[in-house]
Amino acid sequence: MNNIKKMFSYKSSKKNKSVTYFSVLIVLFVFSGSIKAQENTTVTIAIEGESLRTLLEKVESSTPYRFAYNDAELPTEKNLNISVTNMAIEPFLNRILQGKNLTFKRNRNTFSIIPQKPKENVLVKGAVVENEGEPLIGVSVAVKGTTMGGITDLDGNFSLNVPQNDMLVISY
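For the structure given in this document, a descriptive report is provided here. (Residues numbered from 1 in each chain as written. Predicted model: local features only at pLDDT ≥ 70, side-chain atom pairs only at ≥ 80, totals over all residues. Heavy atoms only, no water.)

Overview of the sheet that holds strand E7 (residues 140-143)
Reading across from one edge, E8-E7-E10 is the order of the three strands in this open sheet, with antiparallel pairing throughout. In the strand order of this sheet, the two ends are held by strand E8 (149-151) and strand E10 (168-171), each with one partner. The sheet shows a mean angle of 15° between the axes of neighbouring strands, direction not considered. Sheet topology note: the E7/E10 ladder contains four bridges and is antiparallel. Each residue of the ladder has a partner; that of Ser140, found in E10, is Ser171. (Pairing = 2+ DSSP bridges. Helix = DSSP H or I, 4+ residues; strand = E, 2+ residues; numbered from the N terminus. Axes fitted to C-alpha atoms, helices over the stretch in contact; angles between N-to-C directions.)

Below you can see the structure in the form of structure tokens.
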């Protein structure tokens with residue numbers, strides 16, 4: 001029985017504690033360097049006429065990044081043409097998902113590709129007037145980058161139902 005106690009007994013000393021603390025610091029340093037290296041990984045890829053799913057699979061095979069998505073939510077058309085060199089992952093994803101009503105959420109090196117929530121519309125009312133306060137009739141008021149808009153009435157007033165946080169362009 002004494003032999004067993006000797007095998008499992010451990011005397012704490014300053015030297016043992018120093019070695020343990022030093023070992024923990026080395027492990028933390030190596031681990032943090034590994035995480036930093038993965039954060040700086042860029043995407044280099046060139047494809048023509050491929051689907052979004054194929055593109056994501058190719059990025060997975062050449063980077064530490066992983067993607068989670070519902071196949072039914074991804075467009076199936078094989079019309080993606082893209083060529084990038086050393087592009088950071090988030091701008092890359094913004095570029096390939098643009099116009100597809102998809103966005104992403106990141107959890108370390110895993111990206112969930114999810115449907116974009118539609119913007120809520122808000123009613124915007126206003127009046128367009130000259131410097132002296134006189135109403136301007138027939139001024140075009142439109143949502144920037146769209147064909148959605150209208151013109152001011154006889155009193156310079158307009159009323160538009162527009163997506164929240166979109167910018168209006170006024171031209172006369």
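Anyway, onward from the coordinates.
Some remarks on unusual backbone geometry
One non-glycine residue, Asn101, lies in positive phi territory at about 55°. Tracing the backbone shows Asn101 in the loop between helix H4 (89-97) and strand E4 (102-107). On the basis of relative accessible area, Asn101 is assigned to the exposed category, the value being 56%. A positive phi angle is found at Asn165, which is not glycine, with a value near 70°. On the basis of relative accessibility, which here comes to 74%, the residue Asn165 falls in the exposed class. (Buried < 20%, exposed > 50% of the residue type's maximum accessible area, 1.4 Å probe, protein only.)

Examining the packing of helix H3 (residues 52-62) against H4
Relative orientation of the contacting elements H3 and H4 amounts to 165°, with a least axis distance of 12 Å. Regarding the angle of H3 to H4, the classification is roughly antiparallel. The way H3 lies across H4 gives a crossing that is right-handed. Facing H3, whose interface residues are Leu52, Leu55, Leu56 and Val59, H4 presents Ile89, Phe92, Leu93, Ile96 and Leu97. Residue classes in the contact of H3 with H4 are distributed as nine nonpolar, no polar and no charged. (Parallel < 35°, antiparallel > 145°, perpendicular 65-115°, else oblique. Left-handed = near helix turned anticlockwise from the far one by under 90°. Contact = heavy atoms within 4.5 Å. Nonpolar A, V, L, I, M, F, W, Y, C, P; charged D, E, K, R; others polar.)

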